[in-house]
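Observations on the model geometry
One letter stands for each residue in the lines below.
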Amino acid sequence: MLAAHLVSFLFSKLQEDPTKRVDRFLHAMRLQDDQLSDISARFQAEMKKGLSIESNAAAAVKMLPTYVRSTPDGSEKGQFLALDVGGSKFKVLQVKVREGVGIKKGEVEMAEKIYPLPKELQTGKGVELFDHVSESLKDFLHEKNISLEKKHPLAFTFSFPCEHRCLDQGILLSWCKNYRARGLQGKDVVQVLRDAISRAGDMDMEVLAMVNDTVATMMTCGFDDEYCEVGLIIGTGTNACYMEERRHVDLVAGDEGRMCVNTEWGAFGDDGALDDFITEFDRDVDAASANPGKQIFEKMVSGMYLGELVRLIVLKMAKLGLLFDGNISDALRTKGKITTAHVAAMEEYRHGLKNTIDLLMQLDLTPSADDCIAVQHVSTIVSFRSSNLVAAGLAAVLTRIKQNRNIRDLRITVGVDGTVYKTHPQYPKRLHKVVRQLLPECQVRFVLSDGGSSKGAALVTAVAQRLAAQSRKVKETLSAFTLSHDQLQMVKARMRAGLEAGLKSQGPFTIKMLPSYVYHTPDGTQRGKYLALDLGGTNFRALLVTFKGQTSRLYHKIYTIPLVIMQGTGEELFDHLADCVCDFLDYMGMKNVRLPAGFTFSFPCKQTAVDTGTLVSWTKGYKATDCEGHDVVKMLREAIKRRKEFDLDIVALVNDTVGTMMSCAYEDPQCEIGLIAGTGSNLCYMEDLKNIEKIEQRRGTTETDEGTLDGQEDEDCCQAEKTEEDAEIPKMCINTEWGGLGDDGSLNDVITAFDKEVDQHSVNPGKQRFEKMTSGMYLGEVVRHVLLDLTKRGLLFRGHVTETLKRHGKFETKYLSQIESDNLALLEVRSILQKLGLDSTCDDSIIVKEVCGAVSRRAAQLCGAGLAAVVDKIRENRELDHLNITVGVDGALYKLHPHFSQILQNTVKVMAPQCDVTFLPSEEGSGKGAALIAAVTQTTAGDVTE
């Protein structure tokens, strides 16, 4: 009757507004937005401190790595057992993930049993605690008729702060939640569990993963929501976890991908970071706790302490005469008499006041209407502060994720569990509102965990199994691109054999070893103006180069070669080149000046003189008709004649490799090798003239089956001998055209199924096999075929084969350079893939990066082995114990790929230890080299154009 009387009388006293009295008394607990932002910023600083290896030891917020590297992707499958230890009871479960008849995709089926955990075990010997858990596990197997002979994967949820060193290991740092079992702190609790299972006998368990309940909550929600990357517990205790970029987790080696970090944020404030927000009531709660000075944040927000905070506040107000006319009951003085469940009941929308009256009467108090309203308001302020503090901490976590990804708008889901969140009627709404207030630009969704942490632990185990199986299959696939030392020695030996064979007159040869009729590298005396024309890929470049001793000045213009021209007729191609030259001369105001020109033509040509060259075969996607077997210099001259607007003196035809060597030799006299690692792959070098049998056989006669020597060529050759006979052995630059190595099957030992696919779909099947494994034109295609294979096997992109993966040439080699960049975060890798229409997860991005790395590494190693064969040949030619030599290098692959150049250099060092090789990137490329060859040719002839 008294309760009913108070409820009816209550509304007549509302005008007195007792809540204002409470507001004044608890003003320190009423946190404003600027205070919450301040707390959030402090927590961000604590997170950073905990992640750093330098400051982690002193950090209150430990930011523990969990070794959980991925959230579920929906493909997980299997049957698991799970143990969930963390409260006054524990659970044993059987979890089936997409197993059995009738289970739909994405569904999880669970059978569970709850076992008591007596207080004497919680505070007794740790061994006895785990023996009880193991015996209960055996009981569960018997009850559910689960085979004892079969090995079962076991997931272990252990809701206490642990330091992980791998997924299936956890060192207990400290107890909480009134647990104090002896002999376990500092021990690996997974091993303790294994030992207990062994003592129980008759069970074959493989403990695959141990997780915190917070992590398990995130995984449970992540199974149904791909955006869930944060786990939050607000129950007896409180904690949060989230997916952190691995490069920021100093305590774990490696920087690829992400890893779930268990913040253990309950310890926030243990170092004094929250002192100016702590009230006398918080201090009283802390002092009376089992761990004074520890878990300060948790004691301000979690269900274990909220009821006690309300009791202490009400007691203090009563003592001051602000409640119950100063009357205090023994029950109100007793710790634990007001629980968090009471707090939730007092804040119910419809029955809150009645529940408040009932509680106060149970405490032997005689409350007035104002007393009831005031106590209810105390409860509201305490729980509201809790949700505000949790919101501030969560805002810090979300802000860090947003900053990691360098995005303005973040879409993310937070998985939540815990009795406070689940049972308090106002808590979720308040929490959501404040988080959105603090982060208005973020789309934050809250999902309640369905199935609890046990299901999440099983999913962690399922994900771990999936990743392990996936990693094993990916490694097996990529092992085909891993070259052993013996394989590299084999490539070097076959390259050497190919070089020697190509120097002989007999043929055909896979490595063509084409004489360039360039006998000299620049000596720095070149002077005058020269034109250079450079055709080597999808662009044509016209240059004007002026030499004055050791200095040069260069002007150039770039023109595109449309695909229709590349694959049209030869006449159309060379007319297009003539148009470009005409435009450049007009641009430079030199249309009426006849200048000597060098023509860089980066395709295999058989030369009989420095200014002639018969195209052997097109490469790099060119298919222009009526060109192969024809003199390309003559074709260009004829195209210029057809223009009737200008004239050129084309004095040298140069391969881009030769041009690169000449360009670098202008800077370094020791440069006697030119290497191109770009769209194509090729090498030239200065060979002793006596070793070039096809040249030796032609000297002394005017005619051979390869053509006729003209007087100028014979004079140049003889002059080279006369000039150098007293100084050194005469040499000639040989364009190896090494891209053909393997066309005879000599590289079948290292050619993969993916290389065969690329070759079969190329414009020249069976040709340029070495180039198709090493050049920029093909590496992207090799990667695409690997990605396509992995996707079809369900190891990438959730098995979804997109049009991008099906389309030839869509995955360009430039993406390898971008994706393999050390400074590129996986989020940016995902962005690159998304632009290609590939919707990737973080794990997908890691695999794509691994594929790119394997393909580009092999390419660099193959080039290194080939180059080692060349430098060793030069050393042996000169009968030297040690050779010092410089290689001039050009090409986007060498210059732009983040690792190609270093891998190439390291391979040469290992494969040719008696050679000290310096690499000099070409500054102006093969165009300047063509001008230099023209200059060297004119200097030899005694005709310098000023």
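Scroll up to find the structure this text is about.
Quick caveat: nothing in here was measured; it's all calculated off a predicted structure.

Criteria and thresholds
Residues numbered from 1 in each chain as written. Predicted model: local features only at pLDDT ≥ 70, side-chain atom pairs only at ≥ 80, totals over all residues. Heavy atoms only, no water. Helix = DSSP H or I, 4+ residues; strand = E, 2+ residues; numbered from the N terminus. Rg over C-alpha atoms; globule rule 2.2 N^0.38 Å. Buried < 20%, exposed > 50% of the residue type's maximum accessible area, 1.4 Å probe, protein only. Contact = heavy atoms within 4.5 Å. Areas by Shrake-Rupley, 256 points an atom, 1.4 Å probe, with all protein chains shown as cover. Lys, Arg positive; Asp, Glu negative; His and termini not counted. Charge placed at Lys NZ, Arg CZ, Asp CG, Glu CD. Pairing = 2+ DSSP bridges. Axes fitted to C-alpha atoms, helices over the stretch in contact; angles between N-to-C directions. Core = buried A, V, L, I, M, F, W, Y, C linked by side-chain atoms within 4.5 Å.

**Comments concerning the overall build of the chain**
Per the secondary structure count, the chain includes 34 helices and 28 strands. Relative to the 2.2 N^0.38 estimate, which gives 30 Å for 946 residues, the radius of gyration of the chain is 39 Å and therefore markedly larger than a compact globule would have. With respect to the three principal axes, the spread of C-alpha positions in the chain is 130 × 65 × 50 Å. Buried positions account for 59% of the 946 residues belonging to the chain. Long-range contacts, defined as pairs at least 24 residues apart, comprise 72% of the intrachain contacts of the chain with a sequence gap of at least 6. Carbon and sulfur atoms form 47% of the exposed surface of the chain, whose accessible area is close to 38,400 Å². Looking at the chain, you have 113 positive and 131 negative side-chain charges, and the mean spots of the two groups are 6 Å apart.

**Points about the sheet that holds strand 4 (residues 108–116)**
Ordered in space as 4-3-2-5-8, the 5 strands form an open sheet in which the pairing is mixed. Two strands bound the open sheet, and with one partner strand each, they are strand 4 and strand 8 (205–211). Put simply, the sheet's adjacent strands are angled 20 degrees from each other on average, direction ignored. Running over the sheet, helix 5 (residues 126–143) touches strand 2 (78–85), strand 3 (89–97), strand 4, strand 5 (152–158) and strand 8 and is turned about 130 degrees from strand 4.

**Some remarks on the pairing of strand 12 (residues 411–417)**
Burial of strand 12 is extensive: 6 of the 7 residues sit out of reach of the surface. Judged from the 5 bridges that link them, strand 9 (residues 228–234) and strand 12 form a sheet pairing that is parallel. Following the sheet pairing, isoleucine 233 is matched in strand 12 by aspartate 417. Across 6 bridges, the pairing between strand 12 and strand 13 (residues 443–448) is parallel. Residue pairing in the sheet places isoleucine 412 in a bridge with valine 444 of strand 13.

**Let's talk about the nonpolar core**
The tendency in soluble globular proteins is for nonpolar side chains to be buried side by side. Ranked by size, the top nonpolar core spans 113 residues in total, and within it Ile673 and Phe811 carry the most contacts. Examining the composition of this core, we find that 17 residues originate from one element, helix 31 (residues 842–877), more than from any other. Filtering out sequence-adjacent residues up to four positions away, phenylalanine 811 remains in contact with Gly780, Glu781, Val783, Arg784, Leu787, Leu816, Ile819, Leu833, Leu836 and Cys852. Listed in part, the 52 residues of the second largest apolar core include Leu389, Ile401, Val414 and Val416.

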